Amino acid sequence: MEKTKYAVLIYPYFSLQEITCITSCLTVWFGEKIDIIASEKKAYTSEDGFSAIPNKTVDEAEPSDYVCLILPGTVNPLPALYDHKVIDFLQRGKGTNTVYAAISSAPLLLLKAGLLDDKDFTAGFFMQMADTFPFIDKKHFVHKTVVEDGNVITGIGMFFREFAQKVMVRIGYDVGENFMTAGNREYTEEELTFYWTDEEYKEFLEDLKGYTD
């Protein structure tokens with residue numbers, strides 16, 4: 001039986017919105033099937049309250065099994081970031097030809113797993129995270145909507161359409177120049193840079209203590 005070419009890695013509070021342009025095109029437009037992979041075979045609730053049950057665990061799959069592995073963002077990346085099974089799974093994909101498509105906060109997982117070593121990337125996380133986590137390589141952080149470097153495509157969450165277009169073209173599908181949009185414009189670095197308030201950052205650090213203490 002032919003193997004599934006595409007997979008989505010899910011974790012608590014994953015964002016459906018950021019990846020459904022890709023998943024709907026693959027399944028509805030092109031008739032592909034998608035594996036849903038997670039740390040455990042249980043229901044995971046998305047950030048907007050939908051439940052998804054993976055058909056494979058990270059112990060039952062390898063990143064190299066897939067043409068493309070899609071990582072949605074999450075409103076709270078800490079559960080996935082400190083799930084050693086998720087990080088170990090991603091680390092097993094180092095040196096493979098798999099295309100990694102990570103949007104919003106999901107590049108944090110690739111960074112921790114070492115899949116963005118010496119690669120340019122973008123992300124939708126708040127900039128204080130770059131001062132909090134030593135695995136974030138600030139010199140390779142690029143203030144653009146979508147960045148492709150080698151076999152990794154990263155994007156900011158609000159630009160899920162542009163991200164989807166880049167991913168679909170990379171994996172060989174013709175989706176047209178105006179894929180799901182009426183047009184594009186250039187954005188300034190200031191528009192693509194995000195900061196928490198001091199109070200929000202303090203709350204994040206308090207949450208972080210629950211994973212590191």
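Starting afresh in each chain, residues are numbered from 1 along the sequence in its written order. Selection of residues for local features in this predicted model requires a pLDDT of at least 70, selection of side-chain atom pairs for listing and counting requires 80 or more, and totals for whole chains, interfaces and linings are taken over all residues. Values shown for side chains rest on all heavy atoms present in the structure; no hydrogens or waters enter the calculation.

Draft legend 1. Structural detail: unusual backbone geometry. In this model, Ser104 sits at a positive phi of 60°, which is unusual for a non-glycine residue. Secondary structure elements are defined from DSSP: runs of H or I of at least 4 residues count as helices, runs of E of at least 2 residues count as strands, and each element is numbered from the N terminus. Residue placement: Ser104 occurs in the loop between strand 7 (99-103) and helix 4 (107-113). Exposed residues in this analysis have more than 50% of their type's maximum accessible area, buried residues have under 20%, and partly exposed residues fall in between, with area computed by a 1.4 Å probe over protein chains only. In this structure Ser104 comes out as buried when scored by relative accessible area, which is 11%. We note that Asp118 has phi near 65°; this positive angle belongs to a residue other than glycine. Along the polypeptide, Asp118 turns up in the loop between helix 4 and helix 5 (128-132). Its relative accessible area of 62% is what places Asp118 among the exposed residues.

Draft legend 2. Broad picture of the nonpolar core. By size, the foremost hydrophobic cluster in this structure holds 66 residues, and its most contacted members are Leu9, Leu71 and Leu90. For this analysis, residues touch if any pair of their heavy atoms sits within 4.5 Å. When sequence neighbours within four positions are dropped, the list of residues in contact with Leu71 reads Leu9, Tyr11, Leu90, Ala101, Ala102, Ile103, Ala106, Leu109 and Leu110. By convention a nonpolar core is built from buried Ala, Val, Leu, Ile, Met, Phe, Trp, Tyr and Cys residues, the set being connected through side-chain atoms within 4.5 Å.

Draft legend 3. A nonpolar patch on the surface, seen in detail. Candidate patch residues must exceed 30% relative accessible area and have no salt bridge, after which like charges are joined if within 9 Å and Val, Leu, Ile, Met, Phe, Trp or Tyr side chains if within 5 Å. Here, Shrake-Rupley sampling with a 1.4 Å probe gives the accessible areas, and only protein chains in the shown set may cover a residue. Take a side-chain nitrogen of Lys or Arg and a carboxyl oxygen of Asp or Glu: if they are within 4 Å of each other, that pair is a salt bridge. On the surface, Val28, Trp29 and Met180 cluster together to form a nonpolar patch covering roughly 330 Å² of accessible area. For Met180, the position within the fold is in the loop between helix 6 (160-170) and helix 7 (198-212).

Draft legend 4. Examining helix 3 (residues 84-91) more closely. For helix 3, every residue scored as buried is listed here: Val86, Ile87, Phe89 and Leu90. Viewed along the axis of helix 3, the buried residues span an arc of 160°, placing them on a single side of the element. Those residues of helix 3 that are buried are in contact with strand 1 (6-9), strand 2 (34-38), strand 6 (68-71), helix 2 (78-81) and helix 4. Whenever a nitrogen or oxygen atom comes within 3.5 Å of another N or O atom, the pair is scored as a polar contact, on the condition that within protein one atom can donate a hydrogen and the other can accept it, and that pairs from neighbouring residues in sequence are kept only if both atoms are in side chains. One side-chain oxygen at the N-terminal end of helix 3 lies 3.0 Å from the backbone nitrogen of Lys85; it belongs to Asp83. Directions from the helix axis toward the C-beta atoms define the arc.

Draft legend 5. Representation of the pattern of salt bridges in the model. For the structure on display, the rule yields 11 salt bridges. Residue Glu40 pairs with Lys42 through a salt bridge whose shortest N-O separation is 3.7 Å. According to the relative accessible area criterion, Glu40 is partly exposed, its value standing at 41%.

Draft legend 6. Structural context of the layout of surface pockets. Considering only enclosed or pocket space, the largest pocket measures out at about 350 Å³ in volume. Detection works on a 1 Å grid of protein atoms alone, calling trapped sets that fit a 1.4 Å probe cavities and calling open sets with protein on both sides within 12 Å along at least five of seven lines pockets, with lining residues defined by an atom within 4 Å of a point. Forming the walls of the largest pocket are 12 residues, and the residues nearest its centre are Thr145, Val146, Glu162, Arg185 and Glu186. Among the elements that take part in the lining of the largest pocket, helix 6 stands out by supplying three residues, more than any other. Of the residues in the lining of the largest pocket, the class split is three nonpolar, four polar and five charged. Grid points are joined across faces, edges and corners, and a volume is the space filled by probe spheres set on the points. Reported here for the second largest pocket is a volume of approximately 270 Å³. Residue lining of the second largest pocket: 16 residues in total, with Val75, Pro77, Phe126, Met129 and Trp196 positioned closest to the centre. In terms of residue count, helix 7 provides more of the lining of the second largest pocket than any other element does, four residues in total. Classifying every residue of the lining of the second largest pocket by side-chain character gives eight nonpolar, five polar and three charged. Here the nonpolar group is Ala, Val, Leu, Ile, Met, Phe, Trp, Tyr, Cys and Pro; Asp, Glu, Lys and Arg are the charged ones; every other residue, Gly included, is treated as polar.

These figures come from the coordinates and say nothing about function on their own.
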